[in-house]
Amino acid sequence: MGGNAETDHDTAADGDFALLLAEAADGVRIGAVPYRDLVRGGRRRRTRRWALVAAAALVVAGSAGTLALAGGAGGEGRRVVPVATAPATPDHRQVDKARSTAVARGTDHGEDWTVEALVWGAPRNASEARAQLATMKRYGLAPTGVHAPSDLVGNGWYYGRLMRDGGTVSTFMNARVEKAGAPDDGRVEGAATLLDPDAADGSRRLVVGRVAPSATEVTCTWDDGTKVKAAPAAPGTGLVGGFEDLVRPVDGSRANWFTCVAPKGADYRSGVAKVTKVAERS
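Note that the structure is a prediction, hence the values are computed from the model and not measured.

Novice: Kindly report on the nonpolar core, identifying the contributing residues and their values.
Specialist: Formed by 17 residues in total, the largest nonpolar core has its most connected members in Val-115 and Trp-257. For this core, the elements supplying multiple residues, two or more each, are β3 (99–108), β4 (111–120), β5 (157–164), β6 (167–176), β8 (206–211) and β12 (256–261). If you tally residues by element for this core, the top one is β4, at four residues. In this structure, Val-207, Val-228, Ala-266 and Ala-273 belong to the second largest nonpolar core, which totals 16 residues.

Novice: I'd like a description of the pairing of strand β9 (residues 215–221), backed by residues and values.
Specialist: Most of β9 sits inside the fold, with six of its seven residues counted as buried. Here six bridges tie β9 to strand β13 (residues 272–278), and the two strands are oriented antiparallel to one another. Residue Thr-219 lies in a different strand from β13, and its bridge partner there is Lys-274. In this structure, β9 lies alongside strand β10 (residues 227–232), joined through four bridges in antiparallel fashion. Among the inter-strand pairings, Val-218 is bridged to a residue of β10, identified as Ala-230. Two successive antiparallel strands, β9 and β10, enclose a turn made up of five residues, where Gly-225 displays a positive phi of approximately 90°.

Novice: So, the environment of Ala-126: which residues are in play, and what are the values?
Specialist: Among the secondary structure elements, Ala-126 is positioned in helix α4 (residues 126–138). Not counting chain neighbours up to four residues away, the residues in contact with Ala-126 comprise Pro-149 and Val-153.

Novice: Could you give an account of the state of the cysteines, naming the residues involved and the relevant values?
Specialist: Across all of its chains, the model carries one disulfide by this definition. Shown here is the disulfide that connects Cys-220 with Cys-260, its sulfur atoms set 2.2 Å apart. Looking down the S-S bond of the Cys-220 and Cys-260 bridge, the torsion is 65°, so its handedness is right-handed. Residue Cys-220 is located in strand β9, and its partner Cys-260 is located in strand β12; the two are separated by 40 residues in the primary sequence. The two residues Cys-220 and Cys-260 agree in class, both being buried.

Novice: Describe unusual backbone geometry, listing the residues and the values that go with them.
Specialist: Excluding glycine, residues mostly carry a negative phi; peptide bonds, for their part, are mostly trans. With phi around 50°, His-109 is a residue other than glycine that occupies positive phi space. With respect to the secondary-structure elements, His-109 resides in the loop between β3 and β4.

Novice: Tell me what's going on with the sheet that holds strand β7 (residues 189–193), and back it up with residues and numbers.
Specialist: The strand order across the open sheet built from seven strands is β7-β8-β12-β11-β10-β9-β13, with neighbouring strands paired in mixed fashion. At either margin of the open sheet sits one strand with a lone partner, and together these are β7 and β13. Direction aside, the axes of adjacent strands within the sheet are offset by 20° on average. In this sheet, β12 lies alongside β8 in antiparallel orientation, the contact comprising six bridges.

Novice: Can you explain the environment of Ser-170? Please cite residues and give values.
Specialist: Within the secondary structure layout, Ser-170 lies in strand β6. Between the C-alpha atoms of Ser-170 and Leu-195, which are 25 residues apart in sequence, the distance is 9.6 Å.

Novice: Pulling in residues and values, what's your account of the packing of aromatic side chains?
Specialist: The full count for this structure, using the stated rule, is three aromatic pairs. With 5.6 Å between their ring centres and 80° between their planes, Trp-120 and Tyr-139 make a pair best called edge-to-face. Taken together, the residues Trp-120 in strand β4 and Tyr-139 in the loop between α4 and β5 connect sequence positions 19 residues apart. Residue Trp-120 is classed as buried on the basis of its relative accessible area of 1%. The partly exposed category is assigned to Tyr-139, whose relative accessible area is 35%. Taking 5.6 Å as the distance between ring centres and 70° as the angle between the ring planes, the aromatic pair formed by Trp-222 and Tyr-268 counts as edge-to-face. Here Trp-222, found in the loop between β9 and β10, pairs with Tyr-268, found in the loop between β12 and β13; they are 46 residues apart in sequence, far enough to count as distant. Among the residues examined, Trp-222 registers a relative accessible area of 2% and is labelled buried. One cation-aromatic arrangement involves Arg-210 over Tyr-158; the distance from NZ or CZ to the ring centre is 4.2 Å.

What counts, and at which threshold
- Residues numbered from 1 in each chain as written.
- Predicted model: local features only at pLDDT ≥ 70, side-chain atom pairs only at ≥ 80, totals over all residues.
- Heavy atoms only, no water.
- Core = buried A, V, L, I, M, F, W, Y, C linked by side-chain atoms within 4.5 Å.
- Buried < 20%, exposed > 50% of the residue type's maximum accessible area, 1.4 Å probe, protein only.
- Helix = DSSP H or I, 4+ residues; strand = E, 2+ residues; numbered from the N terminus.
- Pairing = 2+ DSSP bridges.
- Contact = heavy atoms within 4.5 Å.
- Disulfide = S-S within 2.5 Å.
- Axes fitted to C-alpha atoms, helices over the stretch in contact; angles between N-to-C directions.
- Phe/Tyr/Trp six-rings, centres within 6.5 Å; stacked < 30°, edge-to-face > 60°.
- Lys NZ or Arg CZ within 6 Å of the ring centre and 35° of its normal.

Here it is in structure tokens:
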């Protein structure tokens, strides 16, 4: 070779390529192939690919840490994959806090009253169950048939309670959420209670219950024949003012809840609540 080894090597390579191509073309004369240009072009393309990968890494690194780059074969390919996150805790899933929904509100004998549905998610383990049970006790609630935190694992729970002037008067629903999460179509799960525990007649004027989402009307009948129909609430109901005799969804519950309030003096000791209308199936 001459004094410039790199130039001599490149010139020889150009000639070799030209001869090979000439033979393949059966004698057609072909000029020298720009070997150096091809090599430089390949280098530039690889450089651009690595620049794009680096830019992607910067974007991912700044996106809350939920994505990362994983290398492909030979370092040439890159793909984005999710990074495993820490298991959810009771604070994240909030199984130690009840979801609360006001299902009825009004005024009786000059006092404001509210019927509230409390729904608790199912704990996944004993630790979550202990946190949930501790919060229930602070609410003054005791789930029926639960003797240890482990009894709550895998089970949701719900309560209905009546409050007057902000204080709890009674808890009249206390039950485990069944596997289906809601009563069967046409079935009513309910309870009657005193709207005013201090009333002289002791009439059970308030009925609260759960029904399937298909129920669009519940009719409550009191002992004296008084009937009250509960129907779906209009959008925005419950934001202000009083409301009663409704069928409405409850936060955290697959079932809808209903309330019926009877006139003063009516009693529900042998009353009946029935689903009287259901939504048409499409």
